[in-house]
Amino acid sequence: QVQLVESGGGLVQPGGSLRLSCAASGGIFSTYTMAWYRQGPGKQREMVARITTASTTIYADSVKGRFTISRDNAKNTMYLQMNGLKPEDTAVYYCKSSYGPINYWGQGTQVTVSS
């Protein structure tokens, strides 16, 4: 059983920055593909960014050039650096771990971008 805990969300003005963290426990973090998802008001959950065990990354078109996903296997933690935030980035952000067909989700952290 893997436990994932997100942190770092909050209220930020348009153009601002936030850094989300996802701390993992209960498994071998370095063996998991990790990802950030988000679900905005009235919207479906969507993938924001993903990072493999080899630290290969992929981003949704909507966040390319603004968000950076990274991982620190020594700290069992994944990060999402979010710059140039826009009101449409407002959502609950979730982290997800994947090992083959087995997925685990965190509880989410709220990000609100508003002036």
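Heads up: the structure comes first, above all this text.
Presented here is a report on the structure given in the accompanying data block. This is a predicted model, so every value here is computed, not measured.

Right, let's get into the overall build of the chain. If you tally the helices and strands in the chain, you get zero helices and eleven strands. The helix and strand sequence of the chain, counted from the amino end, reads β-β-β-β-β-β-β-β-β-β-β. Here the C-alpha atoms of the chain give a radius of gyration of 13 Å, agreeing with the 13 Å that 2.2 N^0.38 yields for 115 residues. Judged by the C-alpha coordinates and their principal axes, the chain covers about 40 × 25 × 25 Å. With 115 residues in all, the chain has 42% of them scored as buried. Looking at the chain alone, contacts between residues at least 24 apart form 53% of all its contacts between residues at least 6 apart. With the model as given, the accessible surface of the chain reaches about 5900 Å², and the carbon-plus-sulfur share is 49%. For the chain, the centre of its 11 positive side-chain charges and the centre of its 6 negative side-chain charges are spaced 3 Å apart.

Negative phi characterises most residues that are not glycine, and trans characterises most peptide bonds. Positive phi is not limited to glycine here, since S55 has a value of about 65 degrees. If you trace the backbone, S55 turns up in the loop between β5 (46-51) and β6 (57-59). According to the relative accessible area criterion, S55 is partly exposed, its value standing at 43%.

One finds W36, M78, L80, M82 and Y93 to be the most contacted residues of the largest nonpolar core, which totals 28 residues. Put simply, the parts of the chain that give this core at least two residues each are β3 (18-25), β4 (33-39), β5, β7 (67-72), β8 (77-82), β9 (91-99) and β11 (109-113).

Counted under the stated rule, the structure contains four salt bridges. For E46, the salt bridge goes to R38, with nearest N and O atoms at 2.7 Å. Ionic pairing is found between D61 and K64, a salt bridge with its closest N-O pair at 3.1 Å. Each of the salt bridges in this network shares a partner with another, and the network as a whole consists of R38, E46, R66 and D89.

Definitions and cut-offs
- Residues numbered from 1 in each chain as written.
- Predicted model: local features only at pLDDT ≥ 70, side-chain atom pairs only at ≥ 80, totals over all residues.
- Heavy atoms only, no water.
- Helix = DSSP H or I, 4+ residues; strand = E, 2+ residues; numbered from the N terminus.
- Rg over C-alpha atoms; globule rule 2.2 N^0.38 Å.
- Buried < 20%, exposed > 50% of the residue type's maximum accessible area, 1.4 Å probe, protein only.
- Contact = heavy atoms within 4.5 Å.
- Areas by Shrake-Rupley, 256 points an atom, 1.4 Å probe, with all protein chains shown as cover.
- Lys, Arg positive; Asp, Glu negative; His and termini not counted.
- Charge placed at Lys NZ, Arg CZ, Asp CG, Glu CD.
- Core = buried A, V, L, I, M, F, W, Y, C linked by side-chain atoms within 4.5 Å.
- Salt bridge = Lys/Arg side-chain N within 4 Å of Asp/Glu carboxyl O.

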